[in-house]
Amino acid sequence: GGTLGAATLSVTGYSHSFAQSFKVWWGSNAMAILLLAPFILTWFSRSGAKPHRFDPPRHRLLETALLLSVLIGLTWHLLVSNSGIMGPYKFQLLLPLLWAGLRFGPRGAAAANLVVALLMSFFITQFSTGLLPAQVSAEEYVFILQTFLAVVALVGLIPAIVLEERNRTTAELRESE
């Protein structure tokens, strides 16, 4: 997909660099897979013994609202009021995403990753804080955004999946005893 898209953009004259177009196109496809596939598979899959229902206790709703507020506020702070996507402090988003994965499992991690990706895309396109005109025209920030989102998605998802598997194995062992 990346090769065909970049070749089409280069042939039609919409892009002056096949390599840059390929990098952005391929990264966009990878981000779609890395962000949407876990979300769809965890929220809409019917596998397993019990159906997936979202019926958390009241304190979990409060924790979910707090986590969402932290994600929105921290993303706003890092991308709009601070140095933007090119700044060195964007990895502060790792802790809330790790929180989502450890407390809410793979479903929470996938949802939090998708929310952060949407927020970052919105804030970068609307405010462009910290971006020089040369960086915008060269699309240098897109590769940095894609790399960052890949890292934070894995940081949130991997511990959540490992803990979910541990809990499932422990439950199976208890049941077999």
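Heads up: the structure comes first, above all this text.
Small disclaimer: the values here were computed from a predicted structure and weren't measured.

**Q** Is there a simple way to explain the pattern of salt bridges in this structure?
**A** If charged atoms from side chains of opposite charge come close, those side chains can pair. What the rule picks out here adds up to two salt bridges. Here R103 makes a salt bridge to E63, at a shortest N to O gap of 2.8 Å. Taken together, the residues R103 in helix 4 (residues 94-127) and E63 in helix 3 (residues 58-81) connect sequence positions 40 residues apart. Note on E63: relative accessible area 13%, which makes it buried. A salt bridge links E165 to R168, with the nearest nitrogen and oxygen atoms 3.0 Å apart. One end of the pair is E165 and the other is R168, both in helix 6 (residues 140-176) and three residues apart, which spans about a single turn. Judged by its relative accessible area of 42%, R168 falls in the partly exposed class.

Quick notes on the rules
- Residues numbered from 1 in each chain as written.
- Predicted model: local features only at pLDDT ≥ 70, side-chain atom pairs only at ≥ 80, totals over all residues.
- Heavy atoms only, no water.
- Salt bridge = Lys/Arg side-chain N within 4 Å of Asp/Glu carboxyl O.
- Helix = DSSP H or I, 4+ residues; strand = E, 2+ residues; numbered from the N terminus.
- Buried < 20%, exposed > 50% of the residue type's maximum accessible area, 1.4 Å probe, protein only.

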